Amino acid sequence: MIEFLMPSLGADMEDGTLIEWKKKQGDTVKRGDIIAEVETQKGLIEIEVFDEGIIDQLLIKEGTKVPVGTVMALINSSEVELESKEDPKITLDVPIALQPIEEKILEPIKIEKTVETIIKASPLAKRIAEDNKIDLSKIKGTGSDGAITKEDVDNAIEEREKIEIENTQTLPQEKITKPGEAIRTAVAAAMSKSNREIPHYYLEKKINLTNALAWLQVANEHRVIKKRLLPVVLLIKATAKSLLEFPDLNAIWDNGLQLKKNINIGFVVSLRTGGIIVPAIHQVDKKNVDEIMDSLSDIIPRARAMRLRSSELSDSTITLTNIGDGGADSVFGVIYPPQVAIIAFGSVLEQPLAENGMIGIGSFVNVTLAGDHRATDGLTGSRFLVTLNKHLQNPELL
Amino acid sequence: MENSVRKIKITYREALKQGLREALQNDDLVFLMGEDVGRYGGAFAVSKGLLEEFGKERIMDVPLSEAGFVGAGIGAAMAGMKPIIEVMTVNFSLLAMDQIVNNAATLQHMSGGQLHNPVVIRMGCGIGRQLGAQHSHSWEPFYAHIPGLIVLSIGTHEDARGMLQLALQSPDPVILFEYTSMLNLEKEIQTNVKAVAINKAKVLREGTAITIITYGTGVYKCLEAATELATVGIEAEVIDLRTLRPLDEKTFLDSVAKTHRVLVVEDAWRSVSISSEISARIMEKAFYDLDAPVQRLCGIEVPIPYSAHLEEAAIPQRNDIVNTVKKMIRHD
């Protein structure tokens, strides 16, 4: 039996409200099917299943808010598993070299589950908690190795007293948040965590886009208006191609560097209500420029309407932000945890250019890379920017 | 100013000498014996001038045989004298261990309480004078292990001046550790220090954030560390154990109940040391007062090196204490 859990759609998500089950008991589901709609700070998200099987039980009622990791449904996969065992090719087809990477990513999740039952607390903290009837399992320890200390328990007691006072003094009030405020809170949480925990280093490189833009103009001549390419598509594609050579930047940091097999570029979309949302464009390295343009045209309006799918919110392996023309010259990004890098493009500017002893005019963009110094060093980042430049000089090969 | 207590600046060596002189003046039964204590003035010049003042009957040079002269001193104490035996360094005292452990420490018990042995044995000890491994070890834990002995550690100038008086009044054998690296160190003490209690540890600085327990050369290092920690808002309590046997556990258990955190600092090697004993007693008697595991800063477990910077690296220094405390409190 497979447990279907409330997914985490980013480092900042703590819980979600189940709005609607899209499947019912007995339904057959396969990987990628939408099983439910969940309301999060980032709006209404369609949640996908990653397993195949028959829905055995739906455990959570619609309208219920549950923490990330809560078992929401049970999926019976036994029949499907039998089928897959008869086909040995499935395992053989997976390149062996890629397997450890996938395993490494899964490992910490498994460990967390078994450790959860043991509560590490100092003897003094335990004594005080017992005296004051404080539930230690609800406290996050700040001591060595996350042990709960006296201070943590004292804080919990204080917090409880505060709530008790509030409850007795004022009528319970439903906190009403506007959509803009919720997204603001989510951005605030993620970026505060990033600034607190990630030691950033910053690099900047000026890249000549003259060739790329000229090529784009020619390429667009033969396209119908709807299919015309935006310059950012070239930037996205060149970034993905460069990442193939620098896998350390396409990774997450969680108790160490964990490389990601797919290159899913999170593209920063700013919302009209304020705040930003970062949907992922999946496997960019395997898409051609037209496919990337299609993805963008599909995903940006849905992001603005807050109608993204769970995989689009949680799967990005690196983030790209693009300030657009007429904006600031350079942007220095803040890494989206647990990713280890963010690439930021300023606006494209015409500038004098000295080349082969001649002076001309070219179109330039300032590209910056903010890297997690725990994961990589400036040299890696610098080489990446040089490679990115190389790819953007040859737009026809992208 | 007439009624207030005056203070004088004094070296650790001078404080020891004044204590010795006072003991010799107070009681005719007191005499000092040891290698080079007379004509040479003591290997570390602690007894310099005492031969001229008190004569060779009371300041006695002895042959180079620790088992011989320590044994003779124990015999003199049994016969009613008040001998102070100086062993040049604690390392050589191991040659007299048989006399101390098998005779001095056991006689009262084995005689059914009929024989007292009020011998006082002073030992130069400590690390930090580039004397090499064979002259630099911290054997305090060896002696603190033995029932029947009273083991004192002189970590302050006040104790250097006053501890000997009460040691001489003890009916049981007393081992006194004097730290040679501190001999030239000057500190202010009150002029009226006469005798100081020997059965109690001392809280030298009060604090609420953590208890630092130490003895000997650790005392001033820990006090300096506590002063530095106070500048970043960490108020550390510093306790000088003073008596390594019997341990005054009430003082440090009371402190643990107040601060909930403990760091034990000593020069001796970590394994089976004074800090092991302290840590174990806190576990047994103050476990539910602890908010963090008891931590220890001890000597690195190697023979103490000769070269100065390695010697320094082999034992806890002020910075190590500061850093460990910060880590324990802030986890940084």
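Above this text is the structure in question.
Undergrad: Any details on the pattern of salt bridges? Residues and values, ideally.
TA: Residue and element names in this part refer to chain A. For the coordinates displayed, the defined rule picks out 37 salt bridges over all chains. A salt bridge links glutamate 37 to arginine 307; its shortest N-O distance comes to 2.7 Å. Residue glutamate 37 is located in strand β4 (residues 34-40), and its partner arginine 307 is located in the loop between α9 (289-304) and α10 (310-314); the two are separated by 270 residues in the primary sequence. A relative accessible area of 6% places glutamate 37 in the buried class.

Undergrad: Now, about the sheet that holds strand β7 (residues 65-67) of chain A: what can you tell me, with residues and values included?
TA: All names here are of chain A. Taken together, the four strands give an open sheet; going across it, the order is β5-β4-β2-β7, and neighbouring strands pair in antiparallel fashion. Whereas interior strands pair on both sides, the edge strands pair on one side only; in this sheet they are β5 (43-48) and β7. The average undirected angle you get between the axes of adjacent strands in this sheet is 40 degrees. In this structure, strand β2 (residues 15-21) lies alongside β7, joined through three bridges in antiparallel fashion. Following the sheet pairing, aspartate 15 is matched in β7 by proline 67.

Undergrad: Now, about a negative patch on the surface: what can you tell me, with residues and values included?
TA: Residue and element names in this part refer to chain A. A grouping of Glu158, Glu159, Glu161, Glu164 and Glu166 is seen on the molecular surface, where their side chains present a negatively charged patch. For glutamate 166, the location among the structural elements is in helix α5 (residues 150-169). On the accessibility criterion, glutamate 166 (48% relative accessible area) is partly exposed.

Undergrad: So, the interface of chain B and chain A: which residues are in play, and what are the values?
TA: Of the residues lining the interface, nine residues belong to chain B; the matching set on chain A comes to eleven residues. Both sides of the chain B and chain A interface together cover about 760 Å² of buried area, and 58% of this is carbon and sulfur. Run the count over chain B and chain A and you get one salt bridge. The residue aspartate 289 of chain B makes a salt bridge to arginine 127 of chain A at a minimum N-O spacing of 3.2 Å. Joining chain B to chain A, the criterion identifies six residue pairs in polar contact (both at pLDDT 80 or more).

Undergrad: Would you mind going over empty space enclosed by the protein in detail, with residue names and values included?
TA: Residue and element names in this part refer to chain B. Applying the stated criterion across every chain, the model contains three cavities of 30 Å³ or more. Taken as a whole, the largest cavity encloses approximately 100 Å³ of empty space. Secondary-structure elements contributing two or more residues to the lining of the largest cavity are α1 (12-26), β4 (82-87), β5 (120-125) and β7 (174-179). Looking at the lining of the largest cavity, the element that brings in the most residues is β5, giving three residues. The residue makeup of the lining of the largest cavity, split by class, is ten nonpolar, three polar and three charged. Approximately 50 Å³ is the volume found for the second largest cavity. If you tally residues by element for the lining of the second largest cavity, the top one is helix α8 (residues 157-169), at four residues. Of the residues in the lining of the second largest cavity, the class split is seven nonpolar, no polar and three charged.

Undergrad: Can you break down the packing of aromatic side chains residue by residue, with the values?
TA: One pass over the full model with this rule turns up six aromatic pairs over all chains. Measuring from ring centre to ring centre gives 6.0 Å for phenylalanine 246 of chain A and phenylalanine 384 of chain A, while their planes differ by 80 degrees; the resulting arrangement is edge-to-face. Placement of phenylalanine 246 of chain A in the loop between α8 (231-245) and β10 (251-253) and of phenylalanine 384 of chain A in helix α11 (residues 378-393) is noted, with a sequence separation of 138 residues between them. The class of phenylalanine 246 of chain A is buried, set by a relative accessible area of 13%. In this structure phenylalanine 384 of chain A comes out as buried when scored by relative accessible area, which is 0%. Taken together, a centroid distance of 4.5 Å and an interplanar angle of 35 degrees make the contact between tryptophan 139 of chain B and phenylalanine 142 of chain B tilted. The class for tryptophan 139 of chain B is buried, based on a relative accessible area of 14%.

About the thresholds
- Residues numbered from 1 in each chain as written.
- Chains lettered and ligands numbered in written order.
- Predicted model: local features only at pLDDT ≥ 70, side-chain atom pairs only at ≥ 80, totals over all residues.
- Heavy atoms only, no water.
- Salt bridge = Lys/Arg side-chain N within 4 Å of Asp/Glu carboxyl O.
- Helix = DSSP H or I, 4+ residues; strand = E, 2+ residues; numbered from the N terminus.
- Buried < 20%, exposed > 50% of the residue type's maximum accessible area, 1.4 Å probe, protein only.
- Pairing = 2+ DSSP bridges.
- Axes fitted to C-alpha atoms, helices over the stretch in contact; angles between N-to-C directions.
- Patch = residues over 30% accessible without salt bridge, like charges linked within 9 Å, V, L, I, M, F, W, Y side chains within 5 Å.
- Areas by Shrake-Rupley, 256 points an atom, 1.4 Å probe, with all protein chains shown as cover.
- Lys, Arg positive; Asp, Glu negative; His and termini not counted.
- Charge placed at Lys NZ, Arg CZ, Asp CG, Glu CD.
- Contact = heavy atoms within 4.5 Å.
- Buried area = accessible area lost by both parts, 1.4 Å probe.
- Polar contact = N/O pair within 3.5 Å; in protein donor to acceptor, adjacent residues only side chain to side chain.
- 1 Å grid on protein atoms, 1.4 Å probe; cavity = no way out; pocket = protein on both sides within 12 Å on 5 of 7 lines; lining within 4 Å.
- Points joined across faces, edges and corners; volume = space filled by probe spheres on them.
- Nonpolar A, V, L, I, M, F, W, Y, C, P; charged D, E, K, R; others polar.
- Phe/Tyr/Trp six-rings, centres within 6.5 Å; stacked < 30°, edge-to-face > 60°.

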